[in-house]
Amino acid sequence: SLPVHPTQLYECLLLAVLFCVLLRLTDRWGTAGSSVLATLGSYAVLRFFIEFLRADNALVLGRLTFTQLVCIALLSGCVMVMTAARRRA
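For the structure given in this document, a descriptive report is provided here. What you see is a predicted model; the values in this text were computed from it and never measured.

## Points about the pattern of salt bridges
- Per the stated rule, a full pass over the model turns up three salt bridges.
- Taking the shortest distance from any N to any O, the salt bridge between R47 and E11 comes out at 3.4 Å. Here R47 is found in helix α2 (residues 32–50), whereas its partner E11 is found in helix α1 (residues 7–25), with 36 residues between them in sequence.
- R47 gets classed as buried once you look at its relative accessible area, which sits at 18%.
- Where E51 meets R54, a salt bridge forms, and the shortest distance between an N and an O atom there is 3.7 Å.
- For E51, a relative accessible area of 2% puts it in the buried group.
- Owing to a relative accessible area of 24%, R54 belongs among the partly exposed residues under this scheme.
- Each of E11, R47, E51 and R54 takes part in a single network of salt bridges with overlapping partners.

## Describing the side chain of T7
- Looking at where T7 falls in the secondary structure, it is placed in helix α1.
- Look at T7 and you get buried, because its relative accessible area is 5%.
- Those residues in contact with T7, other than ones at most four positions away along the chain, are I50, L53 and R54.

## Examining the packing of aromatic side chains
- Going through the model one piece at a time under the given rule, you end up with three aromatic pairs.
- The rings of F48, F49 and F52 are connected pair by pair, giving a single aromatic cluster.

## A few points about the layout of surface pockets
- Taken as a whole, the largest pocket spans an internal volume of roughly 290 Å³.
- Looking at the largest pocket, it is lined by eleven residues, and the ones nearest its centre are T31, S34, M82, A85 and R86.
- When residues of the lining of the largest pocket are traced back to their parent elements, those giving at least two are α2 and α3 (66–88).
- The element best represented in the lining of the largest pocket is α2, accounting for four residues.

The rules behind the values
- Residues numbered from 1 in each chain as written.
- Predicted model: local features only at pLDDT ≥ 70, side-chain atom pairs only at ≥ 80, totals over all residues.
- Heavy atoms only, no water.
- Salt bridge = Lys/Arg side-chain N within 4 Å of Asp/Glu carboxyl O.
- Helix = DSSP H or I, 4+ residues; strand = E, 2+ residues; numbered from the N terminus.
- Buried < 20%, exposed > 50% of the residue type's maximum accessible area, 1.4 Å probe, protein only.
- Contact = heavy atoms within 4.5 Å.
- Phe/Tyr/Trp six-rings, centres within 6.5 Å; stacked < 30°, edge-to-face > 60°.
- 1 Å grid on protein atoms, 1.4 Å probe; cavity = no way out; pocket = protein on both sides within 12 Å on 5 of 7 lines; lining within 4 Å.
- Points joined across faces, edges and corners; volume = space filled by probe spheres on them.

Limitation: the analysis is restricted to geometry and does not speak to function.
Here is the structure:
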């Protein structure tokens, strides 16, 4: 077997850091929807980069896996919703 990165451990540690950061920033957001979008967008970015270290995923588009494409779509959706909400306000 080839040596691999402990991506589950990396993800667990990064999610703990993300939790602490988002918890500190919660007071600055006006609505619950903003914190949900920030959480989803942050997780999409985190998971996108973790996927580069995983060795068990098949490549779908160039060097990107299916999960990375889903992360790109999720982050794009979060950005579009945040932009639309700010334009309304």
